[in-house]
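# Examination of the molecular architecture
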Amino acid sequence: IVAGGTTTMDFALTAAPPPPPTAMWIDAISTKVMGRRHLNLVVQVTSDAGPVAGAAGRLELTGPEQWQSVFTTDSSGIATIKFRFLTRGLYRGTITSLTATGYLWDPSRGLTFVEVVV
């Protein structure tokens, strides 16, 4: 184009693809047996950026009894799931789903289950 000249162009604009979601995972699952038949499971969700607040998940507890529970993490990325009056025996708590806005659960990182005797 010569200085002071004009030209016409034909083009289209397309939106850039959104950035990929950040990976999150279960960093820890701790257990606390209280009394003889009560169990607390504490789940900690994290990412490379730190704790994940507002992560919603589902946990299945299997053993002498079977339970399903949903949880949501607090601002520290932690959720406590309480089970009361369980039949005594070996239980396995398994995370079966985990979602959070802007994140994608990577079950290959971190933990997906814990075993405990009540």
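The structure under discussion appears in the preceding block.
Presented here is a report on the structure given in the accompanying data block.

Conventions we followed
Residues numbered from 1 in each chain as written. Predicted model: local features only at pLDDT ≥ 70, side-chain atom pairs only at ≥ 80, totals over all residues. Heavy atoms only, no water. Phe/Tyr/Trp six-rings, centres within 6.5 Å; stacked < 30°, edge-to-face > 60°. Lys NZ or Arg CZ within 6 Å of the ring centre and 35° of its normal. Buried < 20%, exposed > 50% of the residue type's maximum accessible area, 1.4 Å probe, protein only. Helix = DSSP H or I, 4+ residues; strand = E, 2+ residues; numbered from the N terminus. Pairing = 2+ DSSP bridges. Axes fitted to C-alpha atoms, helices over the stretch in contact; angles between N-to-C directions. Contact = heavy atoms within 4.5 Å.

## Observations concerning the packing of aromatic side chains
In this structure the tally under the stated criterion is zero aromatic pairs. Of note, Arg 92 hangs over the ring of Phe 113, and the distance from its end group to the ring centre comes to 3.5 Å. Its end group placed over the ring of Trp 25, Arg 109 keeps NZ or CZ at 3.7 Å from the ring centre.

## Considering the pairing of strand E4 (residues 56-62)
Where burial is concerned, the two faces of E4 differ: the one with Gly 57, Leu 59 and Leu 61 is buried and the one with Ala 56, Arg 58, Glu 60 and Thr 62 is not. The pairing of E4 with strand E5 (residues 67-72) spans six bridges and is antiparallel. In the strand pairing of E5, Gly 57 is matched with Phe 71. Summarising the sheet, E4 and strand E7 (residues 90-99) pair through seven bridges and their orientation is antiparallel. Across the sheet, residue Thr 62 finds its bridge partner in E7, namely Arg 92.

## Some remarks on the sheet that holds E7
Across the sheet, four strands lie side by side as E5-E4-E7-E9; this open sheet has antiparallel pairing. Because the sheet does not close on itself, it has two edges, and the strands there are E5 and strand E9 (113-117). The mean inter-strand angle of the sheet, taken between neighbouring strand axes irrespective of direction, is 25°.

## Observations concerning the environment of Arg 37
Along the polypeptide, Arg 37 turns up in the loop between strand E1 (22-34) and strand E2 (38-47). Relative accessible area serves as the criterion here: at 38%, Arg 37 is assigned to the partly exposed category. Along the primary structure Arg 37 and Pro 18 are separated by 19 residues, whereas in three dimensions their C-alpha atoms are 48 Å apart. Beyond its immediate chain neighbours, meaning those up to four positions away, Arg 37 contacts Phe 83, Arg 84, Phe 85, Leu 86, Arg 88 and Val 118.

## Overview of the environment of Pro 17
Relative to the assigned elements, Pro 17 resides in the segment before E1. Judged by relative accessible area, which is 70%, Pro 17 ranks as exposed. Separated by 62 residues in sequence, Pro 17 and Ala 79 have C-alpha atoms that sit 33 Å apart.

## So, the pairing of E9
Covered by surrounding structure in E9 are Val 114 and Val 116 only, the residues Phe 113, Glu 115 and Val 117 on the alternate face being uncovered. Summarising the sheet, E7 and E9 pair through five bridges and their orientation is antiparallel. Following the sheet pairing, Gly 93 is matched in E9 by Val 114.

## Let's talk about the environment of Ala 49
Along the chain, the position of Ala 49 falls in the loop between E2 and strand E3 (50-51). Given a relative accessible area of 69%, Ala 49 falls into the exposed group. Along the backbone, Ala 49 and Thr 73 are 24 residues apart, and their C-alpha atoms lie at a distance of 15 Å.

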